[in-house]
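Architecture at a glance
Here is what each chain is made of, one letter per residue.
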Amino acid sequence: MMLEVPGAAMLEAVTLTKRYEDGVLALDHVSFAVKPGQIFAMLGANGAGKTTAINLFLNFIEPTDGEARIDGIVTHKEPLLAKQRVAYVSENVMLYPNFTAVQNLDYFARLGGKTGYTKDDYRSVLLRVGLSEDAHNKRLKGFSKGMRQKCGIAIAILKDAPAILLDEPTSGLDPKAGFEFQQLLDSLRTEGKAILMSTHDIFRAKEVADIIAIMNNGRIVMQEPASRLLGQDLERLYMQYMAGHTAAEAVA
Amino acid sequence: MFGILVQKELKAILLSPKFAVTFGICAFLLLLSVFIGISEYNASVKQYDTGKQLADQQLREQSSFRMIQTKAFRRPDPMQIFVSGLTYDLGRWAGINQISSPRLRSSAYSEDPIFAVFRFVDLAFVVTVVLSLLAVLFTYDAVCGERESGTLPLVFSNAVPRAQYLLAKGIGAWIGLVVPVVLALLLCMLMVILAGVPMTGEHWLRTGLLMLISLLFFTSFMVIGLFISALTRRSSVSFLVSLVVWVAFVLIIPRAGVIAAGQIVRVPSVAEIQGQRDAFARDRWNLFRQDLDSLFENRRGAEPDSMTEEAMWTHMQTQDSMRRAIELDINAFEAKLYEDLSRRRNVQERLAFSLSRVSPASAFQLAAMSLAGTDLDLKRRYEDGLMIFRTQFVDYANKKTEDSPGGFQISFSSDKGMSIGTPRSKAQLDLTDMPTFVPPVQQIGATVEGLLVDAGLLTLYSLLAFAGAFVAFLRYDVR
Amino acid sequence: MLRTIIEKEIRDIIGSSKFAISFGVCAALILLCFVTGAVNYKTSQAQYEAAKAENLRQMEGLTDWFSVQQHRIFLPPHPLASLVSGVSNDIGRTTEVRGRGELNADGSRYAEDPVYAVFRFLDLEFLFQVVLSLLAILLGYDAISGEKERGTLRLSFSNGLPRATYILGKLIGSFLALIVPLLLALAIGSLIYPILGVPLSGIDWLRLALIILAGLLFVGAFLTLSVMVSAFTQRTSSSFLVLLVVWIGAVLIIPRASVLLAGRMVDVPSVDELASQKARLASQLMEEDRTRMSEFNTPPAAPGEDFEPDKMLKLFNTFMDSLADARDKQMAEFGGRLNEDRANKQQAQERLAFSIARVSPSASFALATSALAGTDMFLKEHYRDQTMDYQQEYGKFMKEKTGLNPGGRMVIMLRDDNENEKPKEIDPSEMPAFKYAPPAFAESFGRAIFDLGLLAFFNLLFFTGSVFGFLRYDVR
C-alpha cells in the first residue's frame, strides 16, 4: 500500500532487496518514500531489516535488487554525491576517544564538506542538543552513552543535509534526554529535513513520526500515516504483525 | 568450584583462534631451530674431524722437533644444537708451539662473516624471544579483558572467592599453554634422536634440565602478563604495558646491563696485555744477548781451539737451554698477566650478569648457556686446557729435541768462505708418544651452582609477580 | 578533505597515550643508543691507541731494524660502527705484519671480550630492526580495523568521502605522525656524538643521514605493512596477531634462516682445508730451499784480501732474500688461486643467501645500513687488502733500512764485537704508519643503493596494497 503525498521524495526505496552472501534475505522488495519535512519511522524486531535498509542508503552494502535514492540520486551508482545529501546518527555513536567534543565535531563537519564553522557554531550546536558547556572541551573518553549520542546528533545537525538517517537514536537515552531529542526532531522537521529513523520505541514513534512502518523478516508489513493510527493501540498492532498476521487482519 | 574455573580458562585458551595459529608457529620455529642446530652441529663435526686430520698430517710432515708445532681444536658439543651461546664467537683452534701461548683463533663468525650478518637461530633464542612474547600475549588481558567484556562482574555476582578465581586463572592458563609447549619440545628431542646426534646420558640430563628451565622462564612471563592485567583497567593499556615490559626485559636490559658493567669495570685489552708481555720479553732477550756475548768472549779467551765444530755444537746446546729458560720466564710472566686480566674480567662479568639478571630473560639465557656449556666458561675452560696441553707438548718437544737436535749450522771461515750445514739427522719424526689434546669437559656439578641461582631467580620473579597479581586482584574494581 | 584526514590522523596518533608511552620509550632508547655508541667508540679508540702505542714502544731501544719482530697493525674503530655494528665485532682486528706472505687478522672484539658476545651490543641497527619496527606495528595495526571496531568508520563514510582519499590520508597522516617525531629523536641523538666529543667528518654525517633515511624507510615499510594488514582484517586482535607473526618471521627468522639455507646449498671449502694446503706447499718449498741453502757457498777470501764476514753475510742475506721472494711468489700464486676459488664460492653463497633474505625488509635494512656504515661483510676483505698494501710498503721500508725484506723467515745477523761505539737506537716513528681508509663513500653507497631502493619499493608495495585492500573493505 503506497501513500500518495504531494512533492518529490528526498529519501526513496524502490523495491529494495538485499540477499547476503550466506543466503539470508535481509530485505525483500521494500519500497517507501520520505519527503522533506517528514519523519518516517521503521519499527521492527532485531533482524527485521531496519539496519540493512539504512546501510543500503549509505551504500555500505550494494542492493541485490532495486534502488535506494537520496534526492533522486541512486546511492549505489553515485555514492559520494548521494552521501553529501544525508546525515547519519548511529545507534551507539562512537567518536574518537582522544579528541574533545569540539575536535570531533570539527573533524566530522569537515568530512561532511562544511569547513566554515567557528568555535561558536560548535558551542551553540552542542548547547542545542543539550550538552552542557563544561563538557565541550573534554575528551570523549569519559563520556556516557547519552553524551556521545548528543555529539552524534550535533554532527548530523552541523552537516545540514536535506536527509537524515537515524539508527535507533534514542536507545539508551534517559527520559529527559529522550524528550529533548523529540523536540529536536520536531524542529528539524520544521526546517524541512526528510528523516528516516529506525526504532524500537513504539510510543515515541507514534508521537514524533509522520509515517510509521512495521517491518518483519525483511518486509514492510504495515505502512501508515501516524495520523491514521491516532486512535489505535499501536502496541497491539505491532504484536499482531510480529505474530505473522497479514495487514488486512491486523487493521480489521 | 575451582575445577569449573580452571576448565573454563582452559577452554577459553584452547578454543581461541589465536591459539592454533600461535602454537603452530611456535612449534614450527622450535623445530626449525633444532633442525638448523643439528645441521650446523654436523657441519662443525665434519670441520673438526678434517681439521684434526689435516693437523695430524702436517705434524707428520715436519722434519725436526726443534720447531715442531701443531694445532689443537675445539670439539663441537651436541648441546650447541639447543644453545649455541658463544660457540660461533670463539676461535675454533689454537696453535700450539714453543714461542707463544695458545689462544683460540679464527671463530666461525670471523671466518665466514656472512653468518655473522644475521647470526644463527637456536632453541634458546626462540624460547627467549618468541615463547616469552607468546606467554605475555595470552595473559595480558586475563583480568582486564574479562572486565571489559563484562564477564567479571557477572562471575563475582556469584559467591566466588577472588583468590580462588585468580589461582584458577593462573593454573588454567598455565596448563593450556605449557602442555603444547612441552609437546613441541618433545618433538624437538625426537628430532635429535632421529638425526642420530651422539647424545650421552649426561647430555640428556642437561637437555632435560634445559627444558625445565625453559618452562620456568615461560611461566615467569605468563605470570608477569597476569600481573599487568590485574594492574590495569583496559586491555589496550595492559597490552601496551606488557609490550614495553617485554621489550625491556628481553631486548634491552640484558644488553644494557653488560654495557653498563663494561663502563664501570675497566679491563685492559688483549693488545695491552700482549704489549706488556712483549716488552718484558724484549728486555729478557736483550739480557740474554748480553750474557751470550760475555759467554762467548770468555770461552774464546779460555780455550783457543774452541772454535771446532764439536765445540760449536755444545755451545749451541747451551744457548738452547738458556733460551728455553728465558722462554719459561716469559711464559710465567705472561701467565701472571693473564691471571690478573682474568681476575678483572671476572669482576666485570659478575657485575654485568648481576645487572642483567634483573630481567628473567637474562637469567634464562645465562642458565641455558651454562647448561649447554657454551657460556663464557667455555673460553676459560679451553684456555686452561690448552695451557696444560702446551706445557705437555713443549716438554715433549724439548725432550725429543735433545735426542735429535735439528737446526742449521752456519760457518764462516777465511779459507772456506761461508756455508750452511744441514741438520745432523734428518729422519721421519717418531710421534708415537706425542701427547694429544683432550678437549676439556665441563663437569655437570660445576654448572649446578649457577643454575640454581638462575632457576631460583626465575622462581622468585614468578612468585613476586604472582603475589603482585594477587594483591592487585584482591583490590581490583571488578565493575 | 585529504588535509582534514591527515590532520586528524596525526592528532589522533600523537594525542594517544599509546603513542606517548611507546614513543617515549623508543626516544629514550634512541638517545641511549647514541650515548652508548659514543662511549663505546671512545673506549675502543682508547684501546686502539694503547695497542698502537704499545706496538711502537716494544721497538724502542732496539738498535737494529732486523730486531723488529712482531709489528702489529690494528683495525681502527669507526664512530659509525658503534651505531651499526654489522660484522665489525666479529672479524679479526689485529694483524701481524711480517713483510711477506698472506695476512690474517685475528682477535675479534667478541672473541676477546666474550662478555659482550653473550647478549651483544645495543646499537641503532638493533633498535630499528627490533624495537622501532614494533613501534610502527603498534601505531599502524588498528589503522582501519580499529576505526571499524570503534564505529567511527561508519560515521566517516556516511559522508561523501571517497575511499581512496580516506586511505591516502590515513597512510600519509600516520606516516608523518611516526616519522617526524622519530626524525626529531634521531637528530637530537646524532648531536650527542659531537657533544660527547666524537668527531664525525662531513662524509660520516652524510653516511649517518643515509643510515637514518634507511631506518625511516624500514620503519615506514612496517607502518604501511601494518596499515595494509589492518585494511584486510575486520578485527584489531586478528590484525595484530597477523602482524606479530609477520614480524617474527621478517625480523627474526627469514634473515637467519636464509643464510643458513644458502650455507647448506652452496658448499664453501673450509678455511682449514685451505690453510693446510698452503702449509703443505710452504713446507715443501722450504724443504727445496734447504737443499739450495746447503749448496750455498761464498768464495773464500782471495789471498791478500781481508777476511770479511760482513761481505759474506750480505751475499748470504741477498741469497736468502731471493729464495724468500721466489717462495713468496709461488705461495702468493698458489694461495691466490685457492683464495679466489673460495671467494667465488662465497660470493655465490652470499648472493643466494641475500636474495632469499631480502624477502624481508629487515634484511634489506641490515644490508643497507651496514654497507653505509662500512661494517658489512666486505669489511673483512677491505681490511685485508689494506693490510696487504701496507705490508708491501713495510717490506719496502725494511729493505731500505736493512737491505732485506724481513718476511723471509730466516735472517742472520752478525753482531759487531766492537763495543767501543754504542750502537744507535732505531727510531720506531720512522716506520710507515698504517693508515686505514674506510671503504670509499661511493663504494658503500653503491652497495647500499639496491637495498635502499628495495626498502622504498616495500613502502610502495604496501602502500598500494593498503589502498587496494581498503577499496574493497567492508566499512559497516
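Residues numbered from 1 in each chain as written. Chains lettered and ligands numbered in written order. Predicted model: local features only at pLDDT ≥ 70, side-chain atom pairs only at ≥ 80, totals over all residues. Heavy atoms only, no water.

**Thoughts on unusual backbone geometry**
All names here are of chain A. Using the following cut-off: By the criteria applied, helices consist of DSSP H or I runs no shorter than four residues and strands consist of E runs no shorter than two, each listed in order from the N terminus. Burial status follows relative accessibility: with a 1.4 Å probe on protein chains alone, a residue under 20% of its type maximum counts as buried, one over 50% as exposed, and anything between as partly exposed.
For Glu 168, which is not a glycine, the phi torsion comes out positive at approximately 45°. Position of Glu 168 relative to the elements: it lies in the loop between strand S7 (163–167) and helix H6 (175–190). Residue Glu 168 is classed as buried on the basis of its relative accessible area of 6%.

**Topic: the interface of chain C and chain A**
Keep this limit in mind: By definition, residues are in contact when any of their heavy atoms lie within 4.5 Å. What gets called buried area is simply the loss in accessible area from a 1.4 Å probe that two parts show on being joined, summed for both.
If you look at the interface, chain C gives 25 residues, while chain A gives 27 residues. Approximately 2500 Å² of surface area, both sides summed, lies buried where chain C meets chain A, with 60% of it carried by carbon and sulfur atoms. Contact with chain A buries area across many residues of chain C, yet C:Arg154, C:Leu155 and C:Arg476 alone supply 24% of it, more than any other trio. Of all elements in the fold, only helix H1 (2–15), helix H6 (145–150) and helix H7 (152–156) of chain C reach the threshold of two or more residues within the side of chain C that touches chain A. Examining the composition of the side of chain C that touches chain A, we find that 6 residues originate from one element, H1(C), more than from any other.

**So, the sheet that holds strand S2 (residues 25–34) of chain A**
Residue and element names in this part refer to chain A. Spelled out, the test is: Pairing between strands is defined by DSSP: at least two bridges between them are needed. With axes taken as lines fitted to C-alpha atoms, and helix axes fitted only over the stretch in contact, angles between N-to-C directions fall between 0 and 180 degrees.
Read from one edge to the other, the open sheet built from 4 strands follows the order S2-S1-S4-S5, with strand pairing classed as antiparallel. This sheet does not close on itself; its edge strands, each paired only once, are S2 and strand S5 (73–74). Across 5 bridges, the pairing between strand S1 (residues 11–19) and strand S4 (residues 65–70) is antiparallel. When the bridges of S4 are listed, Val 14 appears paired with Glu 67. In the packing of helix H1 (residues 50–57) onto the sheet, contacts are made with S1, S2 and S4, and the angle to S1 comes to roughly 115°.

**Quick look at the environment of C:Tyr166**
For C:Tyr166, the location among the structural elements is in helix H8 (residues 163–195). The spatial distance from the C-alpha of C:Tyr166 to the C-alpha of C:Leu200 is 43 Å, given a sequence separation of 34 residues. If sequence neighbours within four positions are ignored, C:Tyr166 has contacts with A:Tyr96, A:Tyr107, C:Ile5, C:Glu147, C:Leu153, C:Ser156, C:Phe157, C:Leu161 and C:Phe470.

**Considerations on the packing of helix H8 (residues 162–194) of chain B against helix H15 (residues 444–474) of chain B**
Residue and element names in this part refer to chain B. Quick reminder of the rule: Each angle is binned into one of four classes, with values under 35 degrees roughly parallel, values over 145 roughly antiparallel, values of 65 to 115 roughly perpendicular, and all other values oblique. Crossings are sorted by hand: turned counterclockwise from the far helix by less than a right angle, the near helix makes the crossing left-handed, and turned clockwise it makes it right-handed. Only Asp, Glu, Lys and Arg are considered charged in this grouping, and only Ala, Val, Leu, Ile, Met, Phe, Trp, Tyr, Cys and Pro are considered nonpolar; every other residue, Gly among them, is considered polar.
Here H8 crosses H15 at 140°, and the two axes come no closer than 10 Å. What the angle tells us is that H8 and H15 run oblique. Here H8 runs over H15; the crossing is right-handed. Where H8 approaches H15, its residues Arg 162, Ala 163, Tyr 165, Leu 166 and Leu 167 are matched on the opposing element by Phe 466, Ala 469, Phe 470, Phe 473 and Leu 474. Tallied by class, residues from the contact of H8 with H15 come to 9 nonpolar, no polar and 1 charged.

**Remarks on the side chain of A:Lys193**
Residue and element names in this part refer to chain A. By the element assignment, Lys 193 lies in the loop between H6 and strand S8 (194–199). Under the relative-accessibility criterion, Lys 193 is labelled buried at 9%. Sequence-distant contacts of Lys 193, defined by excluding residues within four places in its chain, comprise Lys 35, Pro 36, Gly 37, Gln 38, Asp 160, Ala 161, Pro 162, Ile 164 and Leu 188.

**Let's talk about the side chain of C:Asp204**
Here is the rule we go by: When charges are counted, neither His nor the chain ends are considered; positive counts come from Lys and Arg and negative counts from Asp and Glu. What makes a salt bridge here is a side-chain nitrogen of Lys or Arg within 4 Å of a carboxyl oxygen of Asp or Glu, nothing more.
In this structure, C:Asp204 sits in helix H9 (residues 202–230). Notably, C:Asp204 is buried but unbridged: the nearest opposite-charge side chain belongs to C:Arg207, and the N-O separation is 4.2 Å.

**Structural notes on the packing of helix H9 (residues 201–231) of chain B against helix H13 (residues 360–372) of chain B**
All names here are of chain B. Interhelical geometry of H9 versus H13 gives an angle of 180° and a closest axis separation of 10 Å. What the angle tells us is that H9 and H13 run roughly antiparallel. Between H9 and H13, the residues in contact are Arg 206, Leu 209, Leu 210, Ile 213, Ser 214, Phe 217, Ser 220, Phe 221 and Ile 224 and Pro 360, Ala 361, Phe 364, Ala 367, Ala 368, Ser 370 and Leu 371, respectively. Among the residues making up the contact of H9 with H13, the classes are represented as 12 nonpolar, 3 polar and 1 charged.

**Some thoughts on the arrangement of the chains**
There are 2 pairs of chains in contact here, and the one with the most contacts is chains B and C. When C-alpha atoms are compared, chain A and chain B, though not in contact, are closest at a spacing of 12 Å.

**Side note on the sheet that holds strand S3 (residues 104–107) of chain B**
All names here are of chain B. Spatially, the 3 strands line up as an open sheet ordered S1-S2-S3, and their pairing is antiparallel. Two strands lie at the open edges of the sheet, namely strand S1 (70–73) and S3, each paired on one side alone. Across the sheet, the axes of successive neighbouring strands diverge by a mean angle of 35°, strand direction being ignored. Sitting on the sheet, helix H2 (residues 17–61) is in contact with S1 and strand S2 (91–96), with an inclination near 160° to S1.

**Regarding the nonpolar core**
Considering soluble globular proteins, one finds that nonpolar side chains tend to be buried as a cluster. Formally: Side-chain atoms within 4.5 Å link the members of a nonpolar core, which is a set of buried Ala, Val, Leu, Ile, Met, Phe, Trp, Tyr and Cys residues.
One finds B:Phe82, B:Leu123, B:Trp246 and C:Trp247 to be the most contacted residues of the largest nonpolar core, which totals 220 residues. Ranked by residue count, the leading element in this core is H9(C), at 15 residues. Look past the residues within four positions of B:Leu123 in its chain and what remains in contact with it is B:Leu30, B:Ser33, B:Val34, B:Ile81, B:Phe82, B:Leu185, B:Cys188, B:Leu210 and B:Met211.

**A word on the packing of aromatic side chains**
Residue and element names in this part refer to chain C. Operational definition: Stacked, tilted and edge-to-face are the three classes applied to pairs of Phe, Tyr and Trp rings, where Trp contributes its six-membered ring and a pair requires centres within 6.5 Å; stacked means planes under 30 degrees apart, edge-to-face means over 60, and tilted covers the rest.
A full pass over the atoms with the stated rule returns 49 aromatic pairs over all chains. Ring centres 6.1 Å apart and planes at 90° place the aromatic pair Phe 34 and Tyr 193 in the edge-to-face group. In this pair, Phe 34 is assigned in helix H2 (residues 17–57) and Tyr 193 in helix H8, connecting sequence segments 159 residues apart. Looking at Phe 34, the relative accessible area reads 0%, which means it is buried.

**Comments concerning the interface of chain B and chain C**
Inclusion rule: Distance and chemistry together define a polar contact, namely a pair of N or O atoms within 3.5 Å, with one atom able to donate a hydrogen and the other to accept it when in protein, and with adjacent residues in sequence counting only for side-chain atoms on both sides.
Between chain B and chain C, the residue contacts involve 102 residues of the former and 101 residues of the latter. In total, about 8800 Å² of surface goes out of reach between chain B and chain C, with carbon and sulfur atoms giving 68% of it. Summed over the shared surface of chain B and chain C, the result is 6 salt bridges. The interface formed by chain B and chain C includes 12 residue pairs in polar contact (both at pLDDT 80 or more). Here the residues of the side of chain B that touches chain C are counted per class, giving 51 nonpolar, 25 polar and 26 charged.

**Some words on the environment of C:Asp427**
Topologically, C:Asp427 is positioned in the loop between helix H14 (378–402) and helix H15 (441–471). Along the backbone, C:Asp427 and C:Arg11 are 416 residues apart, and their C-alpha atoms lie at a distance of 68 Å.

**Remarks on a nonpolar patch on the surface**
Going by this rule: Note that patches include only residues with greater than 30% relative accessible area and no salt bridge, and the join distances are 9 Å for like charges and 5 Å for nonpolar side chains (Val, Leu, Ile, Met, Phe, Trp, Tyr). Here the open area of atoms and residues is found with the Shrake-Rupley method and a 1.4 Å probe, where only the protein chains shown may cover a residue.
A cluster of nonpolar side chains, contributed by B:Leu167, B:Ile171, B:Trp174, B:Ile175, B:Val179, B:Leu183 and B:Leu186, occupies part of the molecular surface with about 570 Å² of accessible area. Positionally, B:Leu167 belongs in helix H8.

**A short note on a negative patch on the surface**
Residue and element names in this part refer to chain C. Defined as follows: One atom stands in for each charge, and that atom is NZ of Lys, CZ of Arg, CG of Asp or CD of Glu.
Among the surface-exposed residues, Glu 381, Asp 385, Asp 389 and Glu 393 lie close enough to one another that they form a single negatively charged patch. Assignment of secondary structure puts Glu 393 in helix H14. Looking at Glu 393, the relative accessible area reads 42%, which means it is partly exposed.

**A look at the pattern of salt bridges**
All told, the structure shown has 54 salt bridges over all chains when counted by the stated rule. One salt bridge connects B:Lys8 with B:Glu9, and the closest N-O pair in it is separated by 3.1 Å. B:Lys8 gets classed as partly exposed once you look at its relative accessible area, which sits at 37%. For the salt bridge of B:Arg92 with B:Glu111, the shortest nitrogen-to-oxygen distance reads 2.7 Å. Of this pair, B:Arg92 sits in strand S2 while B:Glu111 sits in helix H3 (residues 108–111), placing them 19 residues apart in sequence. Neither residue differs from the other here; B:Arg92 and B:Glu111 are each classed as buried. Salt bridges here are not isolated pairs; linked through shared partners, they connect C:Lys8, C:Glu9, C:Asp12, C:Glu147, C:Arg150 and C:Lys170.

**Details of the confidence of the model for chain C**
All names here are of chain C. Put simply, the rule reads: Predictor confidence is given residue by residue as pLDDT, running from a minimum of 0 to a maximum of 100.
For chain C, per-residue confidence averages 85 on the pLDDT scale, and residues scoring 70 or more make up 94% of the total. For chain C, the element scoring lowest by mean pLDDT is helix H11 (residues 271–295), at 79; H9 scores highest, at 94. Confidence metrics for the complex model read pTM 0.86 and ipTM 0.84.

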